[in-house]
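Residues per chain, in single letters:
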Amino acid sequence: MSVETLTFGCRLNTFESEVMKDQAKQAGLDDVIIVNSCAVTQEAVRQTRQGIRKARRENPNAKIIVTGCAAQTDAEGFAQMGEVDLVMGNAEKMKAETYQGLKFGIGGNSKILVDDIMSVKETAGHLIEGMDGRARAFVQVQNGCDHRCTFCIIPYGRGPSRSVPMGVVVDQIKKLADNGVGEVVLTGVDITSYGPDLPGKPTLGKLTQQILTHVPQLKRLRISSIDSIEADEALMEALRSEQRLMPHLHLSLQSGDNMILKRMKRRHLREDTINFVNEARALRPDMVFGADIIAGFPTETDEMFANSMKIIEECDLTYLHVFPYSIRPGTPAAKMPQVDKAIAKARAKKLRVAGEKQHEAFLARQMGETHSVLIERDGIGRTEQFAPIMIEGTEPGQILQAIVTGVGEHGLIGAPIEQVA
């Protein structure tokens, strides 16, 4: 029996692809390729379509199911592709019953299985026994988004914000830790909005504290991308007091200029980000930060762009995920005065170069330092601050104390001090 997945986009998609593969196999599907699409940029959509065509060329007899955010927001467009057998919505893809008795090509509208995502009110917890071997697993704690940033189509692909109950999350992480998973990553679409739809209105910080308290056997807990303006006091306290919470956060920054942030309809100003970074480092001196930044947002001037360049150093960002602005039809930003694409592309390149310099400087500062390292695959792991490190003779799942002996083309080079787990 063959079920394969082709995944584009975020960590949540990576997690969901594993869930879909498992559900499709349990339903007895055979010779199926599930394409989990991304809609965050036009380039992501283009890559999805390109991936579908390649999958069909290489697997002429397979059934191709397309799902994910691009499929949710443009079901008709993907259904018109001759390579596609079924378009499945973001809500439907996570339900085991969707795959039971699934038939292809029967009925006038059978090629599209997509309902109104905005009517979905709950998110179920799904357990994946392990990803990246036994090293790391993702746990979805939240889905959807209630915010309406002017550039973003994702709320229309994911629906309203909804949270997985704390007890379900804790039970899942207990099982993963008991099965030898070394690190769990909390993931979602907007995970700092976790909780207001649940009884008692818990927060991401409260969830984090509950996990660390009730799963003492968990060695490492990592939080994926956050909106720093929503970080609550309990989360900051967890950063201060709990070494098992990894000192690396990826910020949904988007711009370093206040006027652009307002036109994006973001809820923070550049000063808020700087204050958050400084507060977090005061609580946890070894904290490092990455960030998403959009280059060439509509109306962005050279002076506005310069503020995005400056905030990289002001916050000492070490990992950048840079997007040149991409028009998403149906969003308010699509109607704003546009920046020339060549200018946006050039600005994105400058941001990436600045980010690479920051990352290189960060790696250089690690020389001679000792780090706890989780080995992800043979000889390659990550420090607590998510820096890649090569340590020969190690196996996936090990957690080692290692000293940094050099910096190579792909990250740090280290030598083990002792095996601690």
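These numbers were taken from a predicted model, which means no experiment stands behind them.

**Student:** With reference to specific residues and values, describe the side chain of Gln366.
**Tutor:** Residue position: Gln366 is located in the loop between α13 (341-364) and β14 (370-377). Taking relative accessible area as the criterion, Gln366 reaches 8% and is therefore assigned buried. When residues no more than four places from it in sequence are discounted, the contact partners of Gln366 are His371, Gln385, Val404 and Leu412.

**Student:** Could you give an account of the layout of surface pockets, with specific residues and numbers?
**Tutor:** Estimates place the volume of the second largest pocket at around 280 Å³. At the level of elements, β13 (317-324) and α13 are the ones that each hand at least two residues to the lining of the second largest pocket. Of the residues assigned to the lining of the second largest pocket, the class counts are five nonpolar, three polar and four charged.

**Student:** Lay out the pattern of salt bridges with the relevant residues and their values.
**Tutor:** Tallying each qualifying case throughout the model produces 20 salt bridges. Between Glu16 and Arg158 there is a salt bridge, with the nearest N and O atoms lying 2.8 Å from each other. Placement of the pair is Glu16 in helix α1 (residues 11-26) and Arg158 in helix α6 (residues 154-158), with a sequence separation of 142 residues. A salt bridge links Glu183 to Arg220; the nearest nitrogen and oxygen atoms lie 2.9 Å apart. In this pair, Glu183 is assigned in strand β9 (residues 183-187) and Arg220 in strand β10 (residues 220-223), connecting sequence segments 37 residues apart. Here Glu183 falls in the buried class, since its relative accessible area comes to 0%. On the basis of relative accessibility, which here comes to 2%, the residue Arg220 falls in the buried class. Several salt bridges share partner residues, and in doing so they unite Arg136, Glu183, Arg220, Arg222, Glu376 and Arg382 into one network.

**Student:** Explain unusual backbone geometry residue by residue, including any values.
**Tutor:** The phi dihedral of Lys201 falls on the positive side, at around 50°, and the residue is not glycine. Relative to the helices and strands, Lys201 is located in the loop between β9 and α8 (204-214). For Lys201, a relative accessible area of 59% gives the class exposed. Even without being a glycine, Thr299 presents a positive backbone phi close to 75°. Among the secondary structure elements, Thr299 is positioned in the loop between β12 (288-295) and α12 (302-314).

**Student:** If you had to explain the packing of helix α11 (residues 270-283) against α12 to someone new, which residues and values would you point to?
**Tutor:** Interaxial distance between α11 and α12 falls to 11 Å at its minimum, and their mutual angle equals 10°. What the angle tells us is that α11 and α12 run roughly parallel. Of the residues in α12, those touching α11 at Arg270, Thr273 and Ile274 are Asn307, Lys310, Ile311 and Glu314.

**Student:** Go over α1 with me, naming the residues and quoting the values.
**Tutor:** Counting along an α-helix, one turn takes 3.6 residues, and residues three or four places apart therefore face a common direction. For α1, spanning 16 residues, the distance from its first C-alpha to its last is 23 Å, which sits close to the expected 22 Å at 1.5 Å a residue. Of all the residues in α1, the buried ones are Leu12, Asn13, Phe15, Glu16, Ser17, Val19, Met20, Lys21, Gln23 and Ala24. Downstream of α1 by one or two residues, Gly28 has phi in the positive range, about 85°.

**Student:** Requested: an account of the sheet that holds strand β4 (residues 86-88), with residues and values cited.
**Tutor:** In any sheet, the strands associate via hydrogen bonds between backbone groups, in a parallel or an antiparallel arrangement. Read from one edge of the open sheet, five strands run β1-β2-β3-β4-β5, paired in parallel fashion. Looking along the sheet, the strands with just one partner apiece sit at the ends: β1 (3-7) and β5 (112-113). Sheet analysis places strand β2 (residues 32-37) next to strand β3 (residues 63-68), joined by six bridges and oriented parallel. Looking at β3, one finds that Ser37 is bridged to Gly68. Taken strand by strand, α1 contacts β1, β2 and β3, and its axis lies near 165° from that of β1.

**Student:** Give a description of the nonpolar core that names residues and reports values.
**Tutor:** Residues Ile173, Val184, Leu186, Ile211, Ile223 and Phe289 are the most contacted members of the largest nonpolar core, which totals 50 residues. Top contributing element to this core by residue count: helix α7 (residues 166-178), with five residues. Among residues more than four places away in sequence, those in contact with Ile223 are Leu186, Ile191, Leu204, Thr208, Leu235, Leu245, His248 and Leu249. The next biggest cluster of nonpolar side chains, apart from the first, holds 23 residues, and it includes Ile33, Ala55, Met81 and Val84.

**Student:** Explain the sheet that holds strand β6 (residues 136-140) to me, and be specific about the residues and the numbers.
**Tutor:** Read across the open sheet, the three strands follow the order β6-β9-β10; overall the sheet is parallel. The sheet terminates laterally at β6 and β10, the two strands that pair on one side only. Neighbour to neighbour, the strand axes of the sheet diverge by 25° on average, direction disregarded. Two elements, β9 and β10, share four bridges in a ladder whose sense is parallel.

**Student:** Go over the state of the cysteines with me, naming the residues and quoting the values.
**Tutor:** As enumerated under the stated definition, the model contains zero disulfides in all. Cys149 takes part in no disulfide bond, and the closest cysteine sulfur to it belongs to Cys152, at a distance of 6.2 Å.

The rules behind the values
- Residues numbered from 1 in each chain as written.
- Predicted model: local features only at pLDDT ≥ 70, side-chain atom pairs only at ≥ 80, totals over all residues.
- Heavy atoms only, no water.
- Helix = DSSP H or I, 4+ residues; strand = E, 2+ residues; numbered from the N terminus.
- Buried < 20%, exposed > 50% of the residue type's maximum accessible area, 1.4 Å probe, protein only.
- Contact = heavy atoms within 4.5 Å.
- 1 Å grid on protein atoms, 1.4 Å probe; cavity = no way out; pocket = protein on both sides within 12 Å on 5 of 7 lines; lining within 4 Å.
- Points joined across faces, edges and corners; volume = space filled by probe spheres on them.
- Nonpolar A, V, L, I, M, F, W, Y, C, P; charged D, E, K, R; others polar.
- Salt bridge = Lys/Arg side-chain N within 4 Å of Asp/Glu carboxyl O.
- Axes fitted to C-alpha atoms, helices over the stretch in contact; angles between N-to-C directions.
- Parallel < 35°, antiparallel > 145°, perpendicular 65-115°, else oblique.
- Expected span 1.5 Å × (residues − 1).
- Pairing = 2+ DSSP bridges.
- Core = buried A, V, L, I, M, F, W, Y, C linked by side-chain atoms within 4.5 Å.
- Disulfide = S-S within 2.5 Å.

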